[in-house]
Amino acid sequence: AALHIISNRRAQANAVDLPMAQSLGALAPAIAATRARALVLRARGPAFMAGGDIGRLAGAPHEIGPILDGFHAFVRALASCRASVVASIQGAVAGGGLGLVLNADVLIAAENAKFHFAYRQLGTSPDGGCSYQLPRIVGSRKAFALLMLGQPMTARQALEHGLVSRVVPAAELQASTDAVVAQLCGNAAEAAAQTRKLLQASGQRTLDEQLDAERAAFLACSASADFREGVSAFLGKRAARFNTQVQA
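Residues numbered from 1 in each chain as written. Predicted model: local features only at pLDDT ≥ 70, side-chain atom pairs only at ≥ 80, totals over all residues. Heavy atoms only, no water.

Asks: Provide a residue-level description of the side chain of D53, including the pertinent values.
Replies: Turning to its location among the elements, D53 is positioned in the loop between β2 (38-43) and α2 (54-59). Not counting chain neighbours up to four residues away, the residues in contact with D53 comprise R9, Q12, A15, V16 and D17. (Helix = DSSP H or I, 4+ residues; strand = E, 2+ residues; numbered from the N terminus. Contact = heavy atoms within 4.5 Å.)

As structure tokens, then:
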């Protein structure tokens, strides 16, 4: 019921080089079309993702464009898929890695996670959707301050700023992630997908437009077997057992 995407360049702190970006981009069509209820972003090793592979980029600047193309294709797929996206974060997350996790719906950070707004030190602007998601979370003025003036942020500070959903002891990260994924997979699939879609588009709509979208989404949910099960469970004072998959 859940699809796991695991970065495994642990010796390079999971920094993104061209082969990794191409691999991520190649996953985009399958992610956009997935019928999984949850999609989990994880990483092997002590760091989640240290942004781009700067050592590689320094010697091959012509690869920057193709790296961004593959990386951004992956981010676009995360945004367009109907699965709930979970990021399970340990250690350093910097640059493009930060942009990536901000595209998740639920971010679970280990206490040892550290968030680096590394772009200004490199003399570059944000990528991975960071400039889109960050101001929607903290506001444009604070986003500018974090990107242009900010220092590395601990997991607890990230929680205070609303960048992550919860912070757990490092030893409990996997178990906590699994528990959240299980809960998400237990939700009604159509309801979860429609809720995600409504929230994503709310900032670009008027209230009237959003009310129309809510009406259409509610009607789509109410036509599902899961809605009938939810109503039956509510009236029967029992826990609902949702079974349907996300529709294509």
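Asks: Outline unusual backbone geometry, supporting the account with residue identities and numerical values.
Replies: With glycine set apart, most residues show a phi of negative sign, and most peptide bonds adopt trans. Of note in the backbone geometry, N14 takes a positive phi value of approximately 60 degrees without being a glycine. Secondary-structure assignment places N14 in the loop between β1 (2-7) and α1 (18-32). N14 sits in the buried class, given a relative accessible area of 0%. A positive phi angle, near 55 degrees, is found at K237, a position not held by glycine. Examined against the element boundaries, K237 turns out to sit in the segment after α12 (225-235). (Buried < 20%, exposed > 50% of the residue type's maximum accessible area, 1.4 Å probe, protein only.)

Asks: Account for the environment of Q194, with residues named and values stated.
Replies: Tracing the sequence through the fold places Q194 in helix α10 (residues 189-201). Here Q194 falls in the buried class, since its relative accessible area comes to 11%. Distance in space between the C-alpha atoms of Q194 and R215 is 11 Å, their sequence separation being 21 residues. Every residue in contact with Q194, bar those within four places of it in the chain, is listed here: R82, A217, A220 and C221. Here the side chain of Q194 touches E190 through a polar contact of 2.8 Å, side chain to side chain. (Polar contact = N/O pair within 3.5 Å; in protein donor to acceptor, adjacent residues only side chain to side chain.)

Asks: With reference to specific residues and values, describe the pairing of β1.
Replies: Bridging between β1 and β2 involves six bridges; their strand directions are parallel. When the sheet's bridge partners are listed, H4 is paired in β2 with V40. The handedness of the β1 to β2 crossover, carried by α1, is right-handed. (Pairing = 2+ DSSP bridges. Right-handed = clockwise from strand over helix to strand, strands pointing away.)

Asks: Requested: an account of the pattern of salt bridges, with residues and values cited.
Replies: If you walk through the whole model with that rule in mind, you get seven salt bridges. Measuring nitrogen to oxygen at the nearest pair gives 2.9 Å for the salt bridge that ties R82 to E190. Placement of the pair is R82 in the loop between α3 (64-80) and β3 (84-89) and E190 in helix α10, with a sequence separation of 108 residues. Its relative accessible area of 21% is what places R82 among the partly exposed residues. Overall, E190 belongs to the buried group, its relative accessible area being 11%. (Salt bridge = Lys/Arg side-chain N within 4 Å of Asp/Glu carboxyl O.)

Asks: Pulling in residues and values, what's your account of the side chain of D17?
Replies: Mapped onto the secondary structure, D17 falls in the loop between β1 and α1. Owing to a relative accessible area of 12%, D17 belongs among the buried residues under this scheme. Those residues in contact with D17, other than ones at most four positions away along the chain, are R9, D53 and I67.

Interpretation note: all reported values are geometric properties and have no functional meaning in isolation.
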